[in-house]
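# A look at the structure
Take a look at the letters that make up each chain.
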Amino acid sequence: MTLLIQTLIQGISLGSIYALIALGYTMVYGIAKMLNFAHGDIIMVGAYTIYSTIALAHFPGWLGVLSAVVFCGVLGVVIEFLAYKPLRGAPSLNVLITAIGVSYLLQNIALLIFEGKQKAMPLGDFDFPDLKVGNTGITVTGEVIFTITLTVVLMIALTLFINKTKMGKAMRAVSEDKDAARLMGINVNRTISVTFAIGSILAAFASLCYGMSYAYIKPTTGSMPGIKAFTAAVFGGIGSIPGAMLGGFVIGILEKLSSAYISTQFTDAIVFGVLIVMLVVRPTGLLGKKIREKV
Amino acid sequence: MKKFLSRINRRDALTLLVLVGIFAFFFIMLETGAASNQFKNMIIPMSYYILLAISLNLMVGVLGELSLGHAGFMSVGAYTGCFLSVMLVEKFPELPMYVYLPVAMLCGGLMAALFGVLIGIPALRVKGDYLAIVTLAFCEIIKTVIINLEFLGGAIGFDTDSIVPDRNKALTLLPYAAFAVIVSAILIMNLVRSKHGRAIMAVRDNRIAAEACGINVNFYKVAVFGIAAFFAGIAGVLYGHNDVLLKSANFDFNMSIEILVMVVLGGMGSNMLGSVIAAVVMTALPEMLRDFSDYRMLIYSVMLIVIMLFTSAPALAGIRERLSLGFIKESLQKKMAKKAEKKKAGKEEEK
């Protein structure tokens, strides 16, 4: 029982990292109708920004996180402007390949600057005390509490932003119908830029949480969580924001449960197997919109 | 023979000619010893990448379904074929290569095709990006399962050094590679041009209309998965025989993406020539950039982005048109026509 609860909590913690990344995938997909494969590498960039500000420039921890958030947000907008905006209206596969090119580019720039050797994340400022729950023997580590709290706060903020602000309304309108939104006087290009900025900022926070639980980073750090988060976004129904949150948690919990109870080696196979079964049963994900075919 | 020739149209003939030219060039370079070591190491990879690109184009360009798991089929073929080769060489050390390598290729291809069909069936229910993620998931599952199979070497890798004892692997394997690639290309191009090929393209262009015309959509989707996987499997066998150690971790998402990049760059659709050229260029490019050492992959990625922007940005459509072969041909024809007219006018004046 203790093991089960412990595993579930760890799963929620891992799942919240996935959910934060998956939100970026799903928001961009909903609005720009493209799979942004470079999104996973934004986490890596965020992690290296934190590393440089804290370990190399000796700034305090909060400033490291702040600079990562700002840098990733700006980077997301710049990438969108340089690589994706010229391709608006091009076939989606061509945009996908460009995104892959951007992903390679980010990885190789990181490889040139920081070299391939893995670096320890200097997150001493974020050392939180562990929580022991009575005498049940359950311990919740500080970073797990921090990760879950941060994710919940960010998710509430995002939901409020999407539902209550003018910009959020514009985002919903653009994802519903780009041309109609333009006719209503919405600046579609700016809305897309803001979406990329928000997605990248969430990825920067995800990189903080990732760094806390894994402690080491290297230039390819972003790719596996990126793929898992993409899977989570598809699991929940790509384009749906609550779907990405749910999908992230489900994939995270599934991963931890299968490695605790079944086999650590087969974890990935089990997670992806469940994904396939899920998609066969519900072809557009858990909360995805059903597309009705017109003749 | 006549019937066979009449089935090949000019476009496919050009593709075949280019393929034969490429392999003839490889032979000449190897036989005369003009090939540098770097070039020698590129020959067999180029061959299997051509095959991979053509087979993925069948799936993505002709059937219109995005697959991110081509490396998975390739690994199934590679492991099946190499396992068979290793066994045959162990049991019958006298067995010549022209017996066991084709057998390995066929079996590797068939096993991959079986997996292709197995993946194709659940894939019938999902579409578009969801299908892409299903193929990606299958590829990851195959990778994870192979890593944990002890008799296939596990995480250390599967030793395939013994199957091709010759040190000059490129020269030994080239005839088989050339044969496999050219025959496969003929088969795929003929399939695309046949009744079945038209049915597959009809499914791509409008599934509902195709179904209304009596085309069995499900059959064709699963069949294309199987066929594309078959050829990917053959390419995998070539890969395995060219390598000394098969590592399951190499057949990952990035490899599938590499093949997809070739297909998209070469141009998706029923014309396979683009895939062939893109496969050769994209295999050679990272090698040719080796002089830049550290900056190699950086330049590669920047080039990839720039090429994609140039070839598909709607704003550059005008420039692209002006640079296209068709436009150049047309403007030349116009110039010729003008000259001829002037000549005519001049002659008439003389009269």
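Residues numbered from 1 in each chain as written. Chains lettered and ligands numbered in written order. Predicted model: local features only at pLDDT ≥ 70, side-chain atom pairs only at ≥ 80, totals over all residues. Heavy atoms only, no water.

### Digging into the overall build of chain B
Of the regular secondary structure elements, chain B holds 15 helices and two strands. Scaling as 2.2 N^0.38, a compact globule of 351 residues should have a C-alpha radius of gyration of about 20 Å, and chain B matches this with 23 Å. Judged by the C-alpha coordinates and their principal axes, chain B covers about 90 × 55 × 50 Å. Looking at chain B residue by residue over its 351 residues, the buried ones come to 51%. Accessible surface for chain B amounts to roughly 16,900 Å². Of this, 64% is attributable to carbon and sulfur atoms. With 33 positive and 25 negative side-chain charges, chain B shows a spacing of 12 Å between the two charge centroids. (Helix = DSSP H or I, 4+ residues; strand = E, 2+ residues; numbered from the N terminus. Rg over C-alpha atoms; globule rule 2.2 N^0.38 Å. Buried < 20%, exposed > 50% of the residue type's maximum accessible area, 1.4 Å probe, protein only. Areas by Shrake-Rupley, 256 points an atom, 1.4 Å probe, with all protein chains shown as cover. Lys, Arg positive; Asp, Glu negative; His and termini not counted. Charge placed at Lys NZ, Arg CZ, Asp CG, Glu CD.)

### Focus on the domain arrangement of chain B
Per the domain assignment, the segments of chain B are domain 1 (2-297) and domain 2 (313-351). Taking only C-alpha atoms, the centre of domain 1 of chain B and the centre of domain 2 of chain B are 42 Å apart. (Domains from an automatic or database assignment.)

### Re the interface of chain A and chain B
Across the boundary between the two partners, chain A contributes 47 residues, which contact 42 residues of chain B. Carbon and sulfur atoms supply 79% of the area buried between chain A and chain B, which totals about 3,900 Å² over both sides. Three residues stand out in chain A for area buried against chain B, namely A:Ile97, A:Tyr104 and A:Ile276, and they jointly supply 16% of the buried area on that side. Along the contact surface separating chain A from chain B lie zero salt bridges. For the interface between chain A and chain B, the tally reads five residue pairs in polar contact (both at pLDDT 80 or more). Here the element with the most residues in the side of chain A that touches chain B is helix α4 (residues 92-114) of chain A; it accounts for 13 residues. Of the residues in the side of chain A that touches chain B, the class split is 32 nonpolar, 11 polar and four charged. (Contact = heavy atoms within 4.5 Å. Buried area = accessible area lost by both parts, 1.4 Å probe. Salt bridge = Lys/Arg side-chain N within 4 Å of Asp/Glu carboxyl O. Polar contact = N/O pair within 3.5 Å; in protein donor to acceptor, adjacent residues only side chain to side chain. Nonpolar A, V, L, I, M, F, W, Y, C, P; charged D, E, K, R; others polar.)

### Quick notes on the packing of aromatic side chains
Two aromatic rings are characterised by how far apart their centres lie and by the angle between their planes. Within this structure, the stated rule accounts for 22 aromatic pairs over all chains. Pairing A:Phe37 with B:Phe253 gives two aromatic rings, centres 5.3 Å apart and planes at 45 degrees, and the pair type is tilted. Placement of A:Phe37 in the loop between α1 (2-32) and α2 (39-56) and of B:Phe253 in helix α11 (residues 253-266) is noted, with the two residues assigned to different chains. Judged on exposure class, the residue A:Phe37 and its partner B:Phe253 are both buried. Between B:Tyr239 and B:Phe251 the ring centres are 5.1 Å apart and the planes differ by 55 degrees, which places this aromatic pair in the tilted class. Of the two residues, B:Tyr239 is situated in helix α10 (residues 217-242) and B:Phe251 in the loop between β2 (245-246) and α11; the sequence distance between them amounts to 12 residues. Taking the relative accessible area as the measure of exposure, B:Tyr239 reaches 8% and is therefore buried. Judged by its relative accessible area of 1%, B:Phe251 falls in the buried class. Through a chain of ring-to-ring contacts, three or more aromatic side chains come together here, namely B:Tyr48, B:Tyr49, B:Tyr79, B:Phe83, B:Phe151, B:Phe158, B:Tyr239 and B:Phe251. (Phe/Tyr/Trp six-rings, centres within 6.5 Å; stacked < 30°, edge-to-face > 60°.)

### With respect to the nonpolar core
Core analysis: the largest hydrophobic core is formed by 216 residues, its most contacted members being A:Tyr84 and B:Leu260. Beyond its immediate chain neighbours, meaning those up to four positions away, A:Tyr84 contacts A:Met34, A:Asn36, A:Ala38, A:Ile79, A:Val95, A:Thr98, A:Ala99, A:Val102 and A:Phe196. (Core = buried A, V, L, I, M, F, W, Y, C linked by side-chain atoms within 4.5 Å.)

### Section: the pattern of salt bridges
Evaluated as defined, the whole model comprises nine salt bridges over all chains. Ionic pairing is found between A:Glu255 and A:Lys228, a salt bridge with its closest N-O pair at 3.4 Å. Taken together, the residues A:Glu255 in helix α10 (residues 241-261) and A:Lys228 in helix α9 (residues 223-236) connect sequence positions 27 residues apart. B:Glu211 is the salt-bridge partner of B:Arg207, the closest N and O atoms lying 3.3 Å from each other. Note that B:Arg207 and B:Glu211 are positioned in helix α9 (residues 207-212) at a spacing of four residues, about one turn of the helix. Judged by its relative accessible area of 21%, B:Arg207 is partly exposed. One salt-bridge network, in which partners are shared between bridges, spans A:Lys228, A:Glu255 and A:Asp268.

### Focus on the layout of surface pockets
Taken as a whole, the second largest pocket spans an internal volume of roughly 830 Å³. Taken together, 26 residues line the second largest pocket, and the ones lying closest to its centre are B:Tyr49, B:Glu258, B:Pro286, B:Arg296 and B:Met297. Elements supplying a minimum of two residues to the lining of the second largest pocket: α4 of chain A together with α3 (37-62), α11, α12 (273-288) and α13 (296-312) of chain B. Classifying every residue of the lining of the second largest pocket gives 14 nonpolar, six polar and six charged. (1 Å grid on protein atoms, 1.4 Å probe; cavity = no way out; pocket = protein on both sides within 12 Å on 5 of 7 lines; lining within 4 Å. Points joined across faces, edges and corners; volume = space filled by probe spheres on them.)

### Considerations on α13(B)
In an α-helix, one turn spans 3.6 residues; hence positions three or four apart end up facing the same way. In a regular helix each residue adds 1.5 Å, so 17 residues correspond to 24 Å; α13(B) covers 24 Å between its end C-alpha atoms and thus fits that length. Three or more residues of α13(B) are buried, namely B:Arg296, B:Leu298, B:Tyr300, B:Ser301, B:Leu304, B:Ile305, B:Met308, B:Leu309 and B:Ser312. Tucked inside the fold, the buried residues of α13(B) contact α3 (61-84) and α4 of chain A together with α11, α12 and α14 (317-323) of chain B. (Expected span 1.5 Å × (residues − 1).)

### Here's the deal with empty space enclosed by the protein
Counted according to the given criterion, the structure contains two cavities of 30 Å³ or more. What the largest cavity holds in volume is close to 50 Å³. Taken together, A:Asn36, A:Ala38, A:His39, A:Ile42, A:Gly76, A:Ile79, A:Phe196 and A:Ser200 form the lining of the largest cavity. The set of elements that each furnish at least two residues to the lining of the largest cavity consists of α2, α3 and α8 (188-214) of chain A. Considered class by class, the residues forming the lining of the largest cavity number four nonpolar, four polar and no charged. Reported here for the second largest cavity is a volume of approximately 30 Å³. Lining the second largest cavity, in full, are B:Gly69, B:Gly72, B:Phe73, B:Ile119, B:Thr135, B:Phe138, B:Cys139 and B:Ile142.

### Here we look at a positive patch on the surface
A cluster of basic residues, B:Lys335, B:Lys339, B:Lys343 and B:Lys347, forms a positive patch on the protein surface. Relative to the helices and strands, B:Lys339 is located in helix α15 (residues 325-350). (Patch = residues over 30% accessible without salt bridge, like charges linked within 9 Å, V, L, I, M, F, W, Y side chains within 5 Å.)

### Describing unusual backbone geometry
Despite not being glycine, A:Glu115 shows a phi value in the positive range, around 65 degrees. By secondary structure assignment, the location of A:Glu115 is in the loop between α4 and β1 (119-120).

### Some remarks on α9(A)
Residues and elements named next belong to chain A. The first and last C-alpha atoms of α9 sit 20 Å apart over 14 residues, in line with the 20 Å expected at 1.5 Å per residue. The element α9 is largely enclosed, with a buried count of 12 among its 14 residues. Those residues of α9 lying buried are Pro-225, Gly-226, Ile-227, Lys-228, Ala-229, Phe-230, Thr-231, Ala-232, Ala-233, Val-234, Phe-235 and Gly-236. One or two residues past the end of α9 sits Gly-237, with phi positive at roughly 105 degrees.

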